[in-house]
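# Fold and geometry: a report
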Amino acid sequence: MNDTTPKTPRLVSCPTCGKPVPWTPESRWRPFCSERCKLIDLGAWADERYRLSSAGERPSETGDESQ
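Residues numbered from 1 in each chain as written. Predicted model: local features only at pLDDT ≥ 70, side-chain atom pairs only at ≥ 80, totals over all residues. Heavy atoms only, no water.

Before going further, it helps to examine the overall build of the chain. Looking only at helices and strands, one finds one helix and two strands in the chain. For the chain, the sequential pattern of α-helices and β-strands runs β-β-α. Sorting the 67 residues of the chain into buried and exposed places 12% on the buried side. In the chain, once contacts between residues fewer than 6 apart in sequence are set aside, the share between residues at least 24 apart is 4%. Element-wise, carbon and sulfur atoms account for 50% of the exposed surface of the chain, whose accessible area totals about 6500 Å². (Helix = DSSP H or I, 4+ residues; strand = E, 2+ residues; numbered from the N terminus. Buried < 20%, exposed > 50% of the residue type's maximum accessible area, 1.4 Å probe, protein only. Contact = heavy atoms within 4.5 Å. Areas by Shrake-Rupley, 256 points an atom, 1.4 Å probe, with all protein chains shown as cover.)

Side chains bearing opposite charge may pair, as long as their charged atoms lie close to each other. Per the counting criterion, the structure on display carries two salt bridges. Notably, a salt bridge pairs arginine 49 with aspartate 47, separated by 3.3 Å at the nearest N-O pair. Accessibility classification places arginine 49 together with aspartate 47 in one group, the exposed group. Glutamate 48 is the partner of arginine 51 in a salt bridge, and the nearest nitrogen-oxygen pair spans 3.7 Å. Across this residue pair, the class does not change: arginine 51 and glutamate 48 are exposed. (Salt bridge = Lys/Arg side-chain N within 4 Å of Asp/Glu carboxyl O.)

It is worth spelling out unusual backbone geometry at this point. Cis geometry marks the peptide bond from arginine 30 to proline 31, where omega comes out at 10°. For proline 31, the location among the structural elements is in the loop between strand E2 (20-22) and helix H1 (35-46). Phi is positive for glutamate 48, which is not a glycine, with a value near 60°.

Tracing the chain through its elements places threonine 24 in the loop between E2 and H1. Setting aside anything within four residues of it in sequence, one finds threonine 24 in contact with Pro9 and Arg30.

In this section: a nonpolar patch on the surface. On the surface, Trp45, Tyr50 and Leu52 cluster together into a nonpolar patch covering about 360 Å² of accessible area. Relative to the elements of secondary structure, tryptophan 45 occurs in helix H1. (Patch = residues over 30% accessible without salt bridge, like charges linked within 9 Å, V, L, I, M, F, W, Y side chains within 5 Å.)

Spelled out as structure tokens, the structure:
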């Protein structure tokens, strides 16, 4: 019993503009809708608009590690 009904691809929202993007191998820029949106996102990382928080403590301002 083969199911020949084509499955509907999963749709994800483009992280930049919110446009729906099918999650398929043919979607070249996934999860982005286009190269433009991909480059906008890359530029935001380069400008440090996105930051990852650190789980550890920050080093002391004096640089004295002997506490």
